[in-house]
Protein chains: 2
Amino acid sequence: MSEFDEDTAVRPVGDGAWAATLTERWNALGGTPNGGYLLGVCLRALGGALPHPDPLVASATYLRRAAPGPALVTTEVLRAGRTVATGQARLEQDGRPVVHAVATYASLDTATGLTKELGAPPDLPAPEDCVDPVAGQSVPGVTIVERYETRHPRAPGWFQGRPSGDPAHTFWIRLSDGRDADLVSLAALVDAAAPVVLELGVAGSATLQLTVHLRARPAPGWLACRVTTRHVIGGFHEEDFEVWDSHGHLVAQSRQLALIP
Amino acid sequence: MSEFDEDTAVRPVGDGAWAATLTERWNALGGTPNGGYLLGVCLRALGGALPHPDPLVASATYLRRAAPGPALVTTEVLRAGRTVATGQARLEQDGRPVVHAVATYASLDTATGLTKELGAPPDLPAPEDCVDPVAGQSVPGVTIVERYETRHPRAPGWFQGRPSGDPAHTFWIRLSDGRDADLVSLAALVDAAAPVVLELGVAGSATLQLTVHLRARPAPGWLACRVTTRHVIGGFHEEDFEVWDSHGHLVAQSRQLALIP
């Protein structure tokens, strides 16, 4: 069983209630479980509550800092139709709400309409020709760094202590335990990288809300990512994230609203 | 009182319950009230339920077709903190859920952090040098066309029966009753224009989920918009929408997931 599957597992404990354990393996800066990981846990619960297999779109609002340890997820079906179903999940710890998520599920097998791709995957050298800035080093407290492998055309400027001033980056990523991505792990992955606004010389950024569109089941292998922030206004900023699979197909697209503290 | 304020008004009718009347003035193709308008109604209710004045981010999931007539909105505060508060709104008609919305409010006056704008408003001729393709004509059943005025560098290809093949467009917009935009009306406006995928020769598109970031209070006057779709996969597509105010500031940014029927 993969680390991701193990750490996002939920156990039904009653009518629409699911017990989860947030592990210490997905901690972001500050020792708090990463927001994408928390969304992954919510989607595991919603996947159990809704009649259709594939999350198409999911939104998470982060209400307070999570902590490693037990969590209770409560799901509610908002509407279950023949082809599409929507539910909400509330993740709480010690009786206090931590994450609120809403997601719509369907079967991507029924998505047989028009296809027209006007974008393109990032133009990256092969992963073996890229650098791994972390290269097996650990970052104290930031355990999520160990859960993903990344390869970059060059190390990010901020990582070398020279923020580029341009919050835009392209790179490869995969889970480091060898598990290939699926739709649920993609929803976590779009929030897994360091905030690209670090290229502005800021110390960090906290996600308020994350919305991800899951567009196709990813092919196995490395995933090519494009992340960018264009509009930082009064400390608030969007972060846009695209994920393209090893066959060159867009598989996920996310946008988050975040705040530079 | 403006048409928008009148038609999105809600009346408290009990603990977290709000009565609304969906009018026939915001109908999209098919005679169903437009999704942005429905989100506007939900935000009016949430504005009454939450302690902070400004919506920062709002997500709406459209569960079934709305119809002009009475609606009941039920709000729930998910968390009310000192600087940020999040709530959800359920809009139902005849006891059946129609829209589920989640929004986070704060005060934009407290947004005093870093500002760095790396984007730019669309490069548009002045509104008076643009064309108004509709020019006072009405489109039978599509009453929302009468609620907004738009000005375009040239009439959209699809409007002339010659879809361009490129779903990207820039144009000016304002409410036609002369009401200047605020944050709530911006949340409606990002869904007010015809779907840009009409440039692919399709007949229409239905919004499944809409997320809007509200970034600054807009200056009075015309608003410059940029709308684009890049990824149509199996009938599903995103639509990205930016709104820039008359002072050249980004004021709203939205993305929706929609399905070409």
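Throughout what follows, the structure given in this document is the object of discussion. Keep in mind the model is a prediction, meaning the values are calculated, not measured.

1. Overview of the overall build of chain A
Looking only at helices and strands, one finds four helices and 14 strands in chain A. A compact globule built from 261 residues would reach a C-alpha radius of gyration of about 18 Å, and chain A, at 18 Å, matches this within 12%. Counting only C-alpha atoms, chain A reaches 50 × 45 × 40 Å along its principal axes. Scored against the burial criterion, the 261 residues of chain A give a buried share of 58%. Once local pairs closer than 6 in sequence are excluded, the contacts in chain A between residues at least 24 apart make up 69%. Surface summary for chain A: the accessible area is close to 10100 Å², and the carbon and sulfur share equals 52%. Taking the average place of the 21 positive charges on the side chains of chain A and the average place of its 29 negative ones, the gap between the two points comes to 4 Å.

2. Describing helix α2 (residues 35-49) of chain B
In an α-helix, one full turn covers 3.6 residues, which means residues spaced three or four apart are oriented alike. Residues and elements named next belong to chain B. Counted at 1.5 Å a residue, the expected span for α2 with its 15 residues is 21 Å, and the 21 Å between its end C-alpha atoms agrees. Most of α2 is tucked away: 11 of the 15 residues are buried. In this structure Asn34 caps α2, since a side-chain oxygen of it lies 2.9 Å from the backbone nitrogen of Gly36.

3. Describing unusual backbone geometry
Residue and element names in this part refer to chain A. Phi at Asp94 takes a positive value of approximately 50°, unusual for a residue other than glycine. Structurally, Asp94 is set in the loop between β5 (85-93) and β6 (96-106). The exposure class of Asp94 is exposed, given its relative accessible area of 79%.

4. A look at the packing of aromatic side chains
All names here are of chain A. In the structure shown here, the tally under the stated rule is 10 aromatic pairs over all chains. An angle of 15° between the planes, with centres 5.4 Å apart, marks the rings of Trp26 and Tyr37 as stacked. Of the two residues, Trp26 sits in the loop between β2 (17-22) and α2 (35-49) while Tyr37 sits in helix α2, which places them 11 residues apart along the sequence. Note on Trp26: relative accessible area 1%, which makes it buried. By relative accessible area, which is 1% here, Tyr37 ends up buried.

5. Quick look at the pairing of strand β11 (residues 223-228) of chain A
When strand β9 (residues 168-175) of chain A meets β11(A), the two strands line up antiparallel, connected through six bridges. Following the sheet pairing, Trp172(A) is matched in β11(A) by Ala224(A).

6. What about the relation of the copies chain B and chain A?
Expressed as a screw operation, the relation of chain B to chain A combines 0.0 Å of axial shift with a rotation of 180°, fitting to an RMSD of 0.0 Å. Considering both components of the superposition, the chain copies are consistent with a two-fold axis. Of the residues that chain B buries at the interface, 100% are likewise interface residues in chain A, meaning the two copies contact each other through the same surface.

7. Side note on the pattern of salt bridges
Under the definition given, this model contains 34 salt bridges over all chains. As a salt-bridge pair, Asp109(A) and Arg217(A) come within 3.1 Å of each other at their nearest N and O atoms. Linking Asp109(A) in the loop between β6 and β7 (116-117) with Arg217(A) in the loop between β10 (206-214) and β11, this pair joins segments that are 108 residues apart in sequence. One salt bridge connects Glu149(B) with Arg151(B), and the closest N-O pair in it is separated by 3.1 Å. When salt bridges with common partners are traced through the structure, they connect Glu3(A), Glu6(A), Asp7(A), Arg25(A) and Arg147(A) into a single cluster.

8. Some words on the interface of chain B and chain A
At the junction of the two partners, chain B supplies 54 residues and chain A supplies 54 residues. Between chain B and chain A, roughly 4800 Å² of surface is buried when both sides are summed, and carbon and sulfur atoms account for 59% of that area. Area buried by chain B at its contact with chain A is led by Arg215(B), His231(B) and Arg255(B), which between them contribute 15% of it. Viewed at the interface, chain A and chain B are joined by six salt bridges. In this structure, the salt-bridge partner of Arg255(A) is Asp240(B), at a minimum N-O distance of 3.5 Å. Joining chain B to chain A, the criterion identifies 30 residue pairs in polar contact (both at pLDDT 80 or more).

Basis of the calculations
- Residues numbered from 1 in each chain as written.
- Chains lettered and ligands numbered in written order.
- Predicted model: local features only at pLDDT ≥ 70, side-chain atom pairs only at ≥ 80, totals over all residues.
- Heavy atoms only, no water.
- Helix = DSSP H or I, 4+ residues; strand = E, 2+ residues; numbered from the N terminus.
- Rg over C-alpha atoms; globule rule 2.2 N^0.38 Å.
- Buried < 20%, exposed > 50% of the residue type's maximum accessible area, 1.4 Å probe, protein only.
- Contact = heavy atoms within 4.5 Å.
- Areas by Shrake-Rupley, 256 points an atom, 1.4 Å probe, with all protein chains shown as cover.
- Lys, Arg positive; Asp, Glu negative; His and termini not counted.
- Charge placed at Lys NZ, Arg CZ, Asp CG, Glu CD.
- Expected span 1.5 Å × (residues − 1).
- Polar contact = N/O pair within 3.5 Å; in protein donor to acceptor, adjacent residues only side chain to side chain.
- Phe/Tyr/Trp six-rings, centres within 6.5 Å; stacked < 30°, edge-to-face > 60°.
- Pairing = 2+ DSSP bridges.
- Least-squares fit on C-alpha atoms with pLDDT ≥ 70 in both.
- Salt bridge = Lys/Arg side-chain N within 4 Å of Asp/Glu carboxyl O.
- Buried area = accessible area lost by both parts, 1.4 Å probe.

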